[in-house]
Structures are given as structure tokens and as C-alpha cells.
Amino acid sequence: MTDPTAEILLGLTEDWWRGAVIYQIYPRSYQDSDGDGIGDLPGIIDRLDHVASLGVDGIWLSPFFPSPMDDFGYDISDYCGVDPMFGTLADFDRLVARAHDLGLKVIIDQVYSHTSDQHAWFEESRQDRTNDKADWFVWADPKEDGSPPNNWQSVFGGPAWAWEARRQQYYLHNFLTSQPDLNLRHPEVEAAILSVTRFWLDRGVDGFRLDALNFAMHDPSLRDNPPAPKEGAKLTRPFDYQLQTYNMSHPDIPEFLAKIRAVTDEYEGRFTVAEVGGVDALSEMKAFTAGNNRLNSAYNFDFLYADKLSSHRMRASLEGWTDNPDEGWPSWAFSNHDAPRAVSRWAPPAHRVQAAKLYAMLLLTLRGNVFLYQGEELGLPQAEVPFEKLKDPEAIANWPLTLGRDGARTPMPWRGDHRNGGFSDGDPWLPMDPRHLPLAVHAQEEDEHAVLHFIRQLIRMRHTSAALRRGSQTFLDTDDTLIAYWRVLDHEKVLCLFNIGEQEADTDGLIQQNCTRLVSIGLDEDGQAVPAVLPPFSGVILHCAPD
């Protein structure tokens, strides 16, 4: 937990979330308490001591709401409940209370762009064109030849329109056909969604992560999307063949976000963060977070889907954000439930343990908020899930070009000597990768050199450094395998140097400063503070004297 005295000294009691570290929990895979092979809320409660021991500021819970689970909770059939497989509302209240007792904030997912087709709102809307909720979803007439209203494609494959015979109309679904899009321009829909926001705020949640936010509104004229350039493109789905010009990212979205912000501002210290995908994510992140009447933060997929890491990529992402007081505040993640784990994407197998530490050093020294995904504190590689055991609809539909999300969603290993790694006494919903068992929490607790202890050290360092938590970030000119930057606030200066390549990196002459080491990996501990050469997959974080 964060030291309250350190918070006061650093001035962090205001805007607790600015520079915070949030630990993401995927409930299905964290801890099963009843032996059905599916993680649940009581299981999370049982493991909150582990989360608190990391020193993080809070947790983000992926969906636990009632759902047919076609998209594993992101297809919600009741916004204000808990699916029985995860527990009850009373369990959720206990979870919030226990987290708060441990000094942890609680952030939950909200999916406002679409519902499940089993949601009561849609079941009524689809009956005819005259019911009370007839216009709560996006409906459109067919073309003269009976084909869909336009050429929009869904993320998961195939047209983004599904036919409803009772209405003789198509409904829009940007994801699965069982995920119809809400009509957020309708005032009654907007009011219903804001009442959902209040419901969870009244139960004590500290904020929201808003899923698929730039799909929340689209071009009302339903114009066709233009084709995407083919040269150099990775085309695995029909969705990739179009520019997403009209089916997402409508300029009316920030106005809706201002209404969400007005509600959250009625509750002290609440935090909102948007998930923003797409080719123009940076400008949308800024639009969604600009000023004081929209969201607090946003994150994109710059690193989550990157097949390799480079200094150029890092600078392109981070230098888009400045210290302009009217500009929003970014959040960053290297791994999550939607993307293959970074250590498998960026490092060869022989270097993965050290690389896991290196990437943690990098992530935890970036300007912005940090999302740490469950198992990242253990350095888990992407799990191998055979095709016959896949659950992810995207992976199944696009196999083998899209490997999907299951490999990042396998159960958390707690004890390597227990059945299913201590996750469940029953058969887990996804298989436990045997390679994860030696990396289990219990084994790493007993190894002082493990990734787990190293990440705790990094989080403590971040909490006690105002420069790392809230300072500016300035990159030094380097080649693509050496990442170097300053983090500065007032008179505190922190220098970060990382060699992400498989060859030595020369740092001689890069800086002329009086510095002392805070943390390093892959270096001789008795060597000079600022090394002239960084070995492969090594790094150092230094505290430097002011100019």
C-alpha cells in the first residue's frame, strides 16, 4: 500500500489517480472459490492481500455483470447486477469494503456502446417499431435489394448489420451479432445509462474504465466507409479492409462524456478512463480528456498490439502528450485481457525473465497512469491454448491469423505444487499452461530475485518519487534499441536508460551528470552509476543532481 505520509509529502492526496498504478483483474481467471473452474468475486476477495502487497493504488475489474457470455461479459444483459457465476451484489459490496480497508481504489468496466441481445431493453426494442424502446438501439431499413444499409463491417467478422424479421429492419452491431449497439443520442437511453453510472457510484466504486468508447456513436447518415489502403496493411478480417470513417469516432462523443463527467463529479475523487482504439487514437484520447469536463484519462493500443518495441515507437506515443494544463492525462498498458502478453511479443524465450523486469522498469517510469495486468507481476509469457480449447470468438473465427485473447486470459498461478496452480479445485474454463507453474506467486515469494519482488520495488520507487509520478518526460536522441529519457519535477531529476535489444548499447557521452542508481538490472552493481555500455535487455534508473 502507498505510505500515507509519502502521499502528503508528494502532494498526491488531490487527484489520487494522477500517476497511479492500477492492477487489472480478469475475474474469470483470478481465483475460483467454489470449484466450478471459473474465478469469482469471493475468490478475488481472498486474494486482495496479494494485490495490496504490490503497492498499487487500485484495481480494475473486468466485467462481472449478468451476461450470456458470448463475449465473456462484454455483452451485458443487466447493467446493475452480478452474474451468479461470479457471486452476488453482496459479494461485490464486500469486495469494495475489503479493497478500501486495504487502501485500494476499485475501478469497474462499463460498456455503454452496446448490450447483449438478451438485455430486456433489446428484447423489447426488437418486437416492433412502436414499443416504448423501439428507438433505444440503432435500427435501419434495408436497401431496395434487401441488403444491409451500408458496407460497415463488424470487428469480429462479417457485416455489422443483423436482420430482425419482426421489424423488417437491420440492427447495428460493431462486434458480435449478439451485441446490438445502443442509440446513445436518444435522451431516454442517455438517462438510463447515467442512472447505471450512479448505481455503481452509490455502491462505492472509485471510477470506471469505459470499454470500446469510440464505437459509442456513428454517422447518423450511415454513409459507406471508404476502402483502406492495402500496401503494408495486415488484413485478417473484413473490418481491416475499410477505413473506419463513419462507423465510429463521431465528434458528438465528447458531449456525451461531459454528461458522464458531470455525474462522477458529484462524488469526490472519482476516476474515469477510456479505451480508445483505431488509427487516430491520439487525437481521440485528447478529445475525450480535454479540459475539466470530460474524462480524466484514456489509453490506446500503441503498445498492446505492437509486435516489437522501439525507441521510435515509444517517442511517437509519449511525445504526443505535453504539460499543457488543458490537455488530458494518458494511461499506458503493455498487456491486458485483449492482447498477447508483452514479454512474449517483444523478447526471445531465452531473455524473457530479465525482459519482464526491463519492461516493468519501462512501464513504471512512463508519464501517465499505469495499468498492470494480472500475471504481469510474475513475468508470465503468453499461454499456449490449443484450437480445440479456445473460447474467444474472434480467435475461433479468424484462426490462425488472429491468435486471439485466450492466451492472456488463462488462470492465475498461485502455487505450482497445487492442482491447477491453486486457481481451482475443478477443471478451469481455460487450461493452465504448465510453463506458468514454476512462476507461481508462492514460488516467487520465496525467491528474492524473482520478478514479483522486483516489481514491488519499482512501485515503491514510483510512489516515493514525485518526478516519476507526475513529472515531465523528455527523450534523448538514441538509436532504436536504446530508450532514454528524463523525468523531472521541480528540482527532482530521474534519468531512465533501457537497452531493449539483443546487442550491447553504447551510452558513453549520452549525458554528463552526477547521478546515483535507484534500480538496475543486467548491470554490475559495483560499476559506475551511469554505465558506458548497457548489455542486452538491461536498464538503469538514476537519481541525478539538479543542474
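Residues numbered from 1 in each chain as written. Predicted model: local features only at pLDDT ≥ 70, side-chain atom pairs only at ≥ 80, totals over all residues. Heavy atoms only, no water.

Brief notes about the overall build of the chain
Right, so step 1: In terms of regular secondary structure, the chain is built from 15 helices and 18 strands.
Right, so step 2: Here the chain has a C-alpha radius of gyration of 23 Å; the compact-globule value for 547 residues is 24 Å, and the two agree.
Right, so step 3: Overall size of the chain, expressed as C-alpha extent along the three principal axes, is 75 × 50 × 45 Å.
Right, so step 4: For the chain, the residues scored as buried account for 61% of the 547 residues in total.
Right, so step 5: Partitioning the contacts of the chain with sequence separation of at least 6, the portion at a separation of at least 24 is 69%.
Right, so step 6: As displayed, the chain has an accessible area near 21200 Å², and 49% of this comes from carbon and sulfur atoms. (Helix = DSSP H or I, 4+ residues; strand = E, 2+ residues; numbered from the N terminus. Rg over C-alpha atoms; globule rule 2.2 N^0.38 Å. Buried < 20%, exposed > 50% of the residue type's maximum accessible area, 1.4 Å probe, protein only. Contact = heavy atoms within 4.5 Å. Areas by Shrake-Rupley, 256 points an atom, 1.4 Å probe, with all protein chains shown as cover.)

Quick look at the packing of helix α11 (residues 352-363) against helix α14 (residues 451-463)
Right, so step 1: Taken N-terminus to C-terminus, the directions of α11 and α14 make an angle of 15°; their axes are 10 Å apart at the nearest point. The orientation of α11 with respect to α14, classified from their angle, is roughly parallel. The handedness of the crossing between α11 and α14 comes out as right-handed. Of the residues in α14, those in contact with Val353, Ala356, Lys357, Ala360, Met361 and Leu363 of α11 are Val451, Phe454, Ile455, Leu458 and Arg462.
Right, so step 2: Classifying every residue of the contact of α11 with α14 gives 9 nonpolar, no polar and 2 charged. (Axes fitted to C-alpha atoms, helices over the stretch in contact; angles between N-to-C directions. Parallel < 35°, antiparallel > 145°, perpendicular 65-115°, else oblique. Left-handed = near helix turned anticlockwise from the far one by under 90°. Nonpolar A, V, L, I, M, F, W, Y, C, P; charged D, E, K, R; others polar.)

Focus: unusual backbone geometry
Right, so step 1: The phi torsion at Leu222 lies on the positive side, around 60°, for a residue other than glycine.
Right, so step 2: Positionally, Leu222 belongs in the loop between β7 (207-210) and α7 (253-264).
Right, so step 3: Classification of Leu222 by relative accessible area gives buried; the value is 19%.
Right, so step 4: For Asn420, which is not glycine, the phi dihedral falls at a positive 55°.
Right, so step 5: Assignment of secondary structure puts Asn420 in the loop between α12 (393-398) and α13 (441-445).

Remarks on the nonpolar core
Right, so step 1: Judged by nonpolar contacts, the single largest core of 126 residues is most densely connected at Leu61, Phe64, Phe92, Ile108, Met314, Phe334 and Tyr359.
Right, so step 2: Among the elements that take part in this core, α11 stands out by supplying 8 residues, more than any other.
Right, so step 3: With residues near it in sequence (within four places) discarded, Ile108 still touches Leu61, Phe64, Phe65, Phe92, Trp200, Val205, Gly207, Phe208 and Arg209. (Core = buried A, V, L, I, M, F, W, Y, C linked by side-chain atoms within 4.5 Å.)

Thoughts on the sheet that holds strand β5 (residues 161-164)
Right, so step 1: Read across the open sheet, the 3 strands follow the order β4-β6-β5; overall the sheet is antiparallel. On the outer flanks of this sheet lie β4 (139-140) and β5, each paired with one strand and no other.
Right, so step 2: Here β5 runs beside strand β6 (residues 169-172); their pairing, made up of 4 bridges, is antiparallel. Bridged to Ala162 within β6 is Tyr171. (Pairing = 2+ DSSP bridges.)

With respect to the state of the cysteines
Right, so step 1: Applying the stated criterion across every chain, the model contains 1 disulfide.
Right, so step 2: Paired by a disulfide, Cys515 and Cys544 hold their sulfur atoms 2.1 Å apart. Looking along the S-S bond of the Cys515-Cys544 disulfide, the torsion reads about 105°, which is the right-handed sense. Of the two residues, Cys515 sits in strand β16 (residues 515-521) while Cys544 sits in strand β18 (residues 538-544), which places them 29 residues apart along the sequence. (Disulfide = S-S within 2.5 Å.)

Quick notes on the packing of aromatic side chains
Right, so step 1: Here the structure, examined in full by the defined rule, presents 36 aromatic pairs.
Right, so step 2: Judged by centre distance (5.2 Å) and plane angle (45°), the ring pair of Phe72 and Trp429 falls under tilted. With Phe72 in the loop between β2 (58-61) and α4 (89-101) and Trp429 in the loop between α12 and α13, the pair connects residues that are 357 residues apart, well separated along the chain.
Right, so step 3: Residues Trp163 and Tyr170 carry aromatic rings whose centres are separated by 5.0 Å and whose planes lie at 65° to one another, so their mutual orientation is edge-to-face. (Phe/Tyr/Trp six-rings, centres within 6.5 Å; stacked < 30°, edge-to-face > 60°.)

Topic: helix α8 (residues 281-289)
Right, so step 1: Taken together, the buried positions of α8 are Ala281, Glu284, Met285, Phe288 and Thr289. Projected down its long axis, α8 shows its buried positions confined to an angular sector of 120°, all on one face.
Right, so step 2: In this structure, the buried residues of α8 make contact with α7, β8 (271-275), β9 (297-299) and β10 (329-333).
Right, so step 3: Two residues or fewer past α8, Gly291 is found with a positive phi of approximately 70°. (Arc of directions from axis to C-beta.)

Thoughts on the sheet that holds strand β12 (residues 472-475)
Right, so step 1: Strand order in the open sheet formed by 5 strands is β12-β13-β14-β18-β16, with antiparallel pairing between adjacent strands. Two strands in the sheet have a free side with no partner beyond their single neighbour: β12 and β16. Neighbouring strand axes in the sheet, compared pairwise and without regard to direction, differ in orientation by 20° on average.
Right, so step 2: With 7 bridges joining them, strand β14 (residues 492-499) and β18 adopt antiparallel strand pairing. If you follow Cys496 over to β18, its bridge partner there is Ile541.
Right, so step 3: Set on the sheet, α14 makes contact with β16 and β18; between it and β16 the angle comes to about 150°.

Some details on the packing of helix α6 (residues 187-202) against α7
Right, so step 1: Orientation of α6 relative to α7, taken along the N-to-C sense of each, is 30°, at an axis distance of 10 Å. At the point where α6 passes α7, the crossing takes the right-handed sense. Residues Glu190, Ile193, Leu194, Thr197, Arg198 and Leu201 of α6 touch α7, and the partners they reach there are Phe256, Lys259, Ile260, Val263 and Thr264.
Right, so step 2: Residues belonging to the contact of α6 with α7 are distributed by class as follows: 6 nonpolar, 2 polar and 3 charged.

As for α7
Right, so step 1: In a regular helix each residue adds 1.5 Å, so 12 residues correspond to 16 Å; α7 covers 17 Å between its end C-alpha atoms and thus fits that length.
Right, so step 2: Among the residues of α7, Ile253, Pro254, Phe256, Leu257, Ile260, Arg261, Val263 and Thr264 are the ones counted as buried. Taken down its axis, α7 places every buried residue within 160° of arc, on the same side.
Right, so step 3: Buried residues in α7 make contact with α6, β7, β8 and α8. (Expected span 1.5 Å × (residues − 1).)

So, the environment of Arg223
Right, so step 1: The residue Arg223 is located in the loop between β7 and α7 in this model.
Right, so step 2: Between the C-alpha atom of Arg223 and that of Pro42, which follows or precedes it by 181 residues, the distance is 47 Å.
Right, so step 3: Setting aside chain neighbours within four positions, we find Arg223 in contact with Asn150, Trp152 and Tyr246.
Right, so step 4: In terms of polar contacts, Arg223 uses its side chain to reach the side chain of Asp219, at 3.0 Å. (Polar contact = N/O pair within 3.5 Å; in protein donor to acceptor, adjacent residues only side chain to side chain.)

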